[in-house]
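This is what each chain is made of:
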Amino acid sequence: GVGYYYNWIVGPVPHYVRKGIEKTADVDVDVVCNSHGPILTKSCCLEEVRRLYEEWASPVERSAKRSPIFYCTAYGNTQKLAEGAARGISKVFPDAEVEIYNIIEHDLKLLTGLMNESDGFLVGSPTINRDAVPPVWQLLAGMEPVGIQKRPVALFGSFGWSGEALPHIAERLQSVKAKVFEQQVKVNFVPTEDDVK
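All values reported here derive from a predicted model rather than from experimental measurement.

**Q** Any chance you could explain the overall build of the protein here in plain terms?
**A** Along the protein, the regular secondary structure elements total 8 helices and 8 strands. Residue burial in the protein is summarised as follows: out of 197 residues, 41% are buried. Within the protein, contacts between residues at least 6 apart in sequence are counted, and of these 77% link residues at least 24 apart. Of the roughly 11900 Å² of accessible surface on the protein, a fraction of 54% belongs to carbon and sulfur atoms.

In structure tokens, the structure reads:
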């Protein structure tokens, strides 16, 4: 539906949506012919779609910094690191909004919105078949390419053999100019207490 299209095509660039809405606010039209999707008319959907786009593109007002933690886990090891990261952030920034999200347990639209609206975020993945797991790549596919620039991102994960997940994720994030922390928490199998700290 319209929400799915918005989320994946223009949702990552809400500032452009807002500019488009502002430019066309005083334009009185009967028909809008989109480059993708159905033709919208005054008698069918035009005003409703405009209202939805205004709602979806509205900036979210927050008083506290938001630092979501996204992860997938194969055996619970990457989850332990996510929990340790949440405790650490909350200790250093007590007012920050720190939530942990197992990517496979949440709606991807919600998660990409949280990622794109964050002040910084963390991504955790185990290494399976020499790569990050597919849900992590699905999350990162929803990045707002302009807004993500210079955003701080930290990476963590457990691996069994060679640990390629984090370097692959870092490469993707660096390609869109995110500020990826050089120090990654990369743990062989089960994290120790020191690893979690």
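Don't stop here, the text continues.
**Q** Explain the packing of aromatic side chains to me, please; I cannot follow it from the model alone.
**A** When we look at a pair of aromatic rings, we describe it by the centre distance and by the angle of the planes. Scanning the model with the defined rule gives 3 aromatic pairs in all. Between the aromatic rings of Y53 and W56, the centroid separation amounts to 5.8 Å while the plane-to-plane angle is 45°, which identifies the pairing as tilted. Within this pair, Y53 and its partner W56 are both found in helix α3 (residues 46-57), separated by 3 residues, close to a single helical turn. The exposure class of Y53 is buried, given its relative accessible area of 18%. With a relative accessible area of 25%, W56 lands in the partly exposed category. Relative to Y101, the ring of F70 lies with its centre 5.8 Å away and its plane at 25°, an arrangement referred to as stacked. Of this pair, F70 sits in strand β3 (residues 69-71) while Y101 sits in strand β4 (residues 100-102); the two residues are 31 residues apart in sequence, bridging distant segments of the chain. Each member of the pair, F70 as well as Y101, carries the same accessibility label: buried.

**Q** Would you mind showing me how to read the environment of D30 here?
**A** In this fold, D30 is placed in the loop between α2 (14-23) and β1 (31-32). Between the C-alpha atom of D30 and that of A86, which follows or precedes it by 56 residues, the distance is 51 Å. What D30 contacts, discounting residues up to four positions off in sequence, is L40, T41, K42 and L46.

**Q** So what exactly am I meant to see when it comes to the nonpolar core here?
**A** As a rule of thumb, nonpolar side chains are buried together in soluble globular proteins. Ranked by size, the top nonpolar core spans 26 residues in total, and within it F70, V136, L155, I169 and L173 carry the most contacts. The leading source of residues in this core is helix α7 (residues 165-175), at 5 residues. Not counting chain neighbours up to four residues away, the residues in contact with F70 comprise Y101, I103, L111, L114, M115, F121, L122, V123, G124, L139 and F156. In this structure, I69, A85, I89 and A96 belong to the second largest nonpolar core, which totals 13 residues.

**Q** What exactly am I supposed to notice about α3 here?
**A** Side chains three or four residues apart in an α-helix point the same way, a direct result of the helix having 3.6 residues per turn. In this model α3 runs 16 Å from its N-terminal to its C-terminal C-alpha over 12 residues, within 8% of the 16 Å that 1.5 Å per residue would give. Those residues of α3 not exposed but buried are L46, V49, L52, Y53 and A57. Projected down its long axis, α3 shows its buried positions confined to an angular sector of 130°, all on one face.

**Q** So what exactly am I meant to see when it comes to the packing of helix α6 (residues 134-141) against α7 here?
**A** In a pair of packed helices, the angle between the axes and the distance between the axes together describe the arrangement. Where α6 meets α7, the closest approach of the two axes is 12 Å, and the angle between their N-to-C directions is 10°. As judged from the angle between their axes, α6 and α7 are roughly parallel. Between α6, through V136, W137 and L140, and α7, the contact on the second element is made entirely by H168, I169, R172 and L173. For the contact of α6 with α7, the residue count by class is 5 nonpolar, 1 polar and 1 charged.

Conventions we followed
Residues numbered from 1 in each chain as written. Predicted model: local features only at pLDDT ≥ 70, side-chain atom pairs only at ≥ 80, totals over all residues. Heavy atoms only, no water. Helix = DSSP H or I, 4+ residues; strand = E, 2+ residues; numbered from the N terminus. Buried < 20%, exposed > 50% of the residue type's maximum accessible area, 1.4 Å probe, protein only. Contact = heavy atoms within 4.5 Å. Areas by Shrake-Rupley, 256 points an atom, 1.4 Å probe, with all protein chains shown as cover. Phe/Tyr/Trp six-rings, centres within 6.5 Å; stacked < 30°, edge-to-face > 60°. Core = buried A, V, L, I, M, F, W, Y, C linked by side-chain atoms within 4.5 Å. Expected span 1.5 Å × (residues − 1). Arc of directions from axis to C-beta. Axes fitted to C-alpha atoms, helices over the stretch in contact; angles between N-to-C directions. Parallel < 35°, antiparallel > 145°, perpendicular 65-115°, else oblique. Nonpolar A, V, L, I, M, F, W, Y, C, P; charged D, E, K, R; others polar.

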